[in-house]
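# Remarks on the overall topology
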Amino acid sequence: MLRHILEQELAKGEAAVSVVKLVSLLVQEAQELKASDIHIDPQRELLCVRYRIDGWLCRAHDLPKQLHGEIISRIKILSGLRTDEHQAAQDGRFRANLDGRRPYDVRVSVAPTYYGENAVLRLLSDTAGEFTLAGLGFSQENQKKIENAVKKPYGMILATGPTGSGKTSTLYALLKSLNRPEVSIVTIEDPIEYSIDGIEQIQVNSRTSLTFANGLRSILRQDPNIIMVGEIRDPETAHIAVNAALTGHLVFSSLHTNDASTTLPRLLDMGVESYLMASTVNAAIGQRLVRKICSNCKEVKKITELELKSLSGIVDERLLGGQNEFYFGKGCDKCANLGYRGRIGINEVLVPDAQIRAAVLKRSSAGEIKKIAVKQGMATMVEDGFIKAQQGITTIEEVLRIIHE
């Protein structure tokens, strides 16, 4: 329906089209398709609009190049950016409230490219209050591990994974569960993804030298019980965060590592002393996001003996159990014929015990730490993903694609 309205607007011709309405329709269409981002990219002879849906960029519209300048100007006006600046990158945001629906924030990044300025709009629905560990895909066993870790009065809980793996959503879910009037929670983020009532949130600002490290120092003077550092990027931030956890604060943060077991060696690489880290890390959460099978077109798929044999080299045979029936999405109108709709997390939770702490003190490798954790009962991300494939939530192909990407 929205696509038809958008096409009708474009059919009026460049001179008669309403750019205000056009931008509004693009944002509204992206929101209806549950897109996370809108990419508006100028090319030699046209303006390409793409939506990122469930992590995949899909080409949506090819607009006339003549509308390029007006569309970028409209986006700049909405987000409070300078309309007379065309040679520098600019960042801003605006709040959208289309057709009386729940309002949501749109974060904007504009940058000069070879064919003119582009724009990337990140759609941030106001749903931080709805995040739960179960809703994010954590198994009951992993939920219990995390809940036990956050019950401790001090220490660090670290969410790890690449960009776009759902780390921030996990941290917000934990903050939401701890958010009470008698608890002081302060965060420093870059950027602030969602606004949460009752939590003091600070935005990193390089122009005023408000970095993660400087902001964390200021937070420690504000009498907090719980601190969230959006990301540990450098040794200075790592040292301050570890010392904060050591001196009676519960600290949440994220790291860019491949899995949970790599978290501890990564902190060692940042210069954190092994004895400090061994006594402060309560839990390391490794995660990825996989696409969910569209519930409208889900069908059973039988795999061959050869495929089953190849899986046995990746997944523990006790999980396979000789099962040869899995699921896939055939493709339909509701999922744009992709066979997938929505995303869910696959996770692993490493809780350092005495044996793992001893391995950290000996500066053991990530592989050795992982072996100990698996022996102690940790389900890896591959195993968690395989269980979700068995349950018909996602596909084996999707799990393997994400793990080996």
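All of the points below concern the structure found in this document. (Residues numbered from 1 in each chain as written. Predicted model: local features only at pLDDT ≥ 70, side-chain atom pairs only at ≥ 80, totals over all residues. Heavy atoms only, no water.)

## Overview of the sheet that holds strand E3 (residues 56-64)
Threshold: Strand pairing requires that DSSP identify at least two bridges connecting the strands. Each helix is a run of H or I in the DSSP string that is no shorter than four residues. Each strand is a run of E no shorter than two, and both are numbered from the N terminus. Only C-alpha atoms enter the line fits that serve as axes; for helices the fit covers just the stretch in contact. Angles between N-to-C directions range over 0 to 180 degrees.
One open sheet accounts for 6 strands, arranged E3-E2-E1-E6-E5-E4; its pairing is antiparallel. In the strand order of this sheet, the two ends are held by E3 and strand E4 (90-96), each with one partner. Direction aside, neighbouring strands of the sheet carry axes that sit 20 degrees apart on average. In the sheet, strand E1 (residues 35-42) pairs with strand E2 (residues 46-53) via 7 bridges, with the strands oriented antiparallel. Bridging from a neighbouring strand, His39 pairs with Arg50 of E2.

## Side note on the packing of aromatic side chains
Threshold: Two aromatic rings, drawn from Phe, Tyr or Trp (for Trp, its six-membered ring), form a pair once their centres lie within 6.5 Å of each other, and the interplanar angle then sorts them: stacked below 30 degrees, edge-to-face above 60, tilted otherwise. Using a 1.4 Å probe on the protein chains alone, a residue whose accessible area is under 20% of its type maximum counts as buried, one over 50% counts as exposed, and one in between counts as partly exposed. A positively charged side chain is recorded as over a ring if its NZ (Lys) or CZ (Arg) lies within 6 Å of the ring centre. The angle to the ring normal must also be within 35 degrees.
Across all of its chains, the model carries 4 aromatic pairs by this definition. Where Tyr172 meets Tyr194, the ring centres are 5.5 Å apart and the plane angle is 80 degrees; that geometry is what we call edge-to-face. With Tyr172 in helix H5 (residues 167-178) and Tyr194 in the loop between strand E8 (185-189) and strand E9 (200-203), the pair connects residues that are 22 residues apart, well separated along the chain. The burial state of Tyr172 is the same as that of Tyr194; both residues are buried. Ring pairs connect the aromatic residues Phe131, Tyr172 and Tyr194, which therefore count as one cluster. Stacked on the ring of Tyr340, the Lys or Arg Arg291 has its end atom at 4.0 Å from the ring centre. Lying over the aromatic face of Tyr327, Lys298 brings its terminal NZ or CZ to 5.3 Å of the ring centre.

## Considering helix H1 (residues 2-10)
Using the following cut-off: The directions from the helix axis to the C-beta atoms are what the arc is built from. Two residues qualify as a contact provided that any one of their heavy atoms is within 4.5 Å of a heavy atom in the partner residue.
Among the residues of H1, those classed as buried are Leu2, Leu6 and Glu9. All buried residues of H1 lie within an arc of 60 degrees about the axis, which places them on one face of the element. On the buried face of H1, the contacting elements are helix H2 (19-32) and E3.

## Considering the environment of Thr263
Along the polypeptide, Thr263 turns up in helix H8 (residues 263-269). When its relative accessible area of 0% is taken as the criterion, Thr263 is described as buried. Sequence separation between Thr263 and Leu158 is 105 residues; the distance between their C-alpha atoms is 8.1 Å.

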